[in-house]
Amino acid sequence: MPAAAPPVLPRHVAITMDGNGRWAAARALPRIAGHRAGLKPVRMCIEACAARAIEALTLFAFSSENWGRPAAEVGKLMGLFLESLEKEIDELHAKDVRVRFVGARERIGAGLRQRIEAAEQRTGGNSGLCLQIAMSYGGRWDIVQAARRLAAACVNGRLRAEEITETSFGEALALAGLPPPDLLIRTGGEQRLSNFLLWDAAYSELFFTPTLWPDFALSDFRAALDFFAARERRFGKTKSQRAS
Ligand code: IPE
Ligand code: IPE
Ligand code: MG
């Protein structure tokens, strides 16, 4: 009997890590306890992607809209990001992970921003998993910042308007240089984008699970990969065109 074909893996996985607050509320804990408990599945997903040689993992950690949460929650979250970056960066570097932050970083406090930039510089030459942390990120922000960059290039004569194409536009976006996310996972039961990767997710396969992010286990990640492997991706073409 011929060996079964290996399952098709995504090249790039994106995850909206939702449900931390509800996880904490169910245990009568403060919301920040849920965010803290969400670090374990982050580590698990990084390891699971690295183990499978998946090229890229993009994690939605804090949205443009999340700035509108109570200042106390925002402050505690920023503290947690800083603390976990400090704690994890050595191991990420040792695992050859290249870490990048995508989002409106000028809104992030100077202390955390400096650590972010140091982490990016330190891991920038790594050739393993490309890990993107989307922080202060919104898909609309991303499209607008790309439009601004291209408009500036037109104004100073480096670019002609006719040269703005889907390709050149994509190159001005935050995830430029990466394959588009082919699997987008959202935990926490909501089936919406919440302003994540509006451009890049045009052809992502969408996996929604009611599991709250702190409970997201390797078995859930495997279920998402199985779901992905079972999809027939047609990209607008017919089934027979895809087969040939
Ligand atoms: C996701 O969990 C983490 C962030 C948005 C920062 P939530 O904090 O949105 O948790 P729920 O959706 O209230 O349960
Ligand atoms: C999306 O979750 C943002 C992140 C997980 C970082 P939200 O909890 O902020 O989204 P909504 O409010 O359910 O749309
Ligand atoms: Mg939420």
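Below is a short write-up of the structure.

Parameters at a glance
- Residues numbered from 1 in each chain as written.
- Chains lettered and ligands numbered in written order.
- Predicted model: local features only at pLDDT ≥ 70, side-chain atom pairs only at ≥ 80, totals over all residues.
- Heavy atoms only, no water.
- Helix = DSSP H or I, 4+ residues; strand = E, 2+ residues; numbered from the N terminus.
- Buried < 20%, exposed > 50% of the residue type's maximum accessible area, 1.4 Å probe, protein only.
- Near = heavy atom within 4 Å.
- Polar contact = N/O pair within 3.5 Å; in protein donor to acceptor, adjacent residues only side chain to side chain.
- Areas by Shrake-Rupley, 256 points an atom, 1.4 Å probe, with all protein chains shown as cover.
- Nonpolar A, V, L, I, M, F, W, Y, C, P; charged D, E, K, R; others polar.

### Focus: unusual backbone geometry
- Phi at Ser 136 takes a positive value of approximately 60 degrees, unusual for a residue other than glycine.
- Relative to the elements of secondary structure, Ser 136 occurs in strand β4 (residues 130-137).
- Judged by its relative accessible area of 1%, Ser 136 is buried.
- The phi angle at Leu 197 is positive, at roughly 35 degrees, despite the residue not being glycine.
- Positionally, Leu 197 belongs in the loop between β5 (183-186) and β6 (205-208).
- For Leu 197, a relative accessible area of 2% puts it in the buried group.

### With respect to the site of ligand 1
- All residues adjacent to ligand 1 are Met 17, Asp 18, Gly 19, Asn 20, Gly 21, Arg 22, Arg 31, His 35, Ala 61, Asn 66, Arg 69 and Leu 77.
- Separating an oxygen atom of ligand 1 from a side-chain N or O atom of Asp 18 is a distance of 2.8 Å.
- At 2.7 Å from an oxygen atom of ligand 1 is found a side-chain nitrogen or oxygen belonging to Arg 69.
- In isolation ligand 1 exposes 380 Å². Once the protein is present, 86% of that is buried.
- Broken down by element, the shell around ligand 1 gets its largest block of residues, three residues, from helix α1 (residues 20-26).
- Of the residues assigned to the shell around ligand 1, the class counts are three nonpolar, five polar and four charged.

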